[in-house]
Amino acid sequence: MNLEGRKSNIYFDKTGKQILEGDLLQVFHFRTRRKIYYMYQIVVIENTNEFPVMACRSIYSEKPHYRLYVVCDNEQRIYKDAKVIYERNYQNKRLKIKPIKEATELK
């Protein structure tokens, strides 16, 4: 992703819903034989030297854990392991897309 793509801060979860600041994400962590484990992350805006970027932090810390442009480095800017489970501001108009299945997922 180029620099202009990182400045736009428009990202989507696996269902195609836009991710906004303050949302709570349910992120796949790992799977055992019987159970799936998830992490819960809050979306925040992190101010960098060049421009503000969207990042995720855990519930119990103040420091952001990772930036979204790193994990959403695909054409549609979809975070494939995350789902928005709580919207901080439900009155905002959110963009919605229909995620395209990749060739490996169709088999």
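*Asks:* Before we go on, may I ask you to explain the packing of aromatic side chains in this structure?
*Replies:* The relative placement of two aromatic rings is captured by the distance of their centres and the angle of their planes. Taken as a whole, this structure holds 2 aromatic pairs when the rule is applied. Measuring from ring centre to ring centre gives 6.2 Å for Y66 and Y79, while their planes differ by 80°; the resulting arrangement is edge-to-face. Residue Y66 is located in strand β6 (residues 66-67), and its partner Y79 is located in the loop between α2 (68-71) and β7 (82-86); the two are separated by 13 residues in the primary sequence. Y79 carries the same exposure label as Y66, and that label is buried.

*Asks:* Got a minute to help me understand a nonpolar patch on the surface in this structure?
*Replies:* A cluster of nonpolar side chains, namely F28, I36, Y38, Y40, I59, Y60, I85 and Y86, defines an oily patch on the protein surface of about 840 Å² accessible area. Mapped by element, the contributors of at least two residues to the nonpolar patch are β4 (36-47) and β7. Sorting elements by how many residues they give to the nonpolar patch places β4 first, with 3 residues. By secondary structure assignment, the location of I85 is in strand β7. Given a relative accessible area of 41%, I85 falls into the partly exposed group.

Thresholds, definitions, all that
Residues numbered from 1 in each chain as written. Predicted model: local features only at pLDDT ≥ 70, side-chain atom pairs only at ≥ 80, totals over all residues. Heavy atoms only, no water. Phe/Tyr/Trp six-rings, centres within 6.5 Å; stacked < 30°, edge-to-face > 60°. Helix = DSSP H or I, 4+ residues; strand = E, 2+ residues; numbered from the N terminus. Buried < 20%, exposed > 50% of the residue type's maximum accessible area, 1.4 Å probe, protein only. Patch = residues over 30% accessible without salt bridge, like charges linked within 9 Å, V, L, I, M, F, W, Y side chains within 5 Å. Areas by Shrake-Rupley, 256 points an atom, 1.4 Å probe, with all protein chains shown as cover. Salt bridge = Lys/Arg side-chain N within 4 Å of Asp/Glu carboxyl O.

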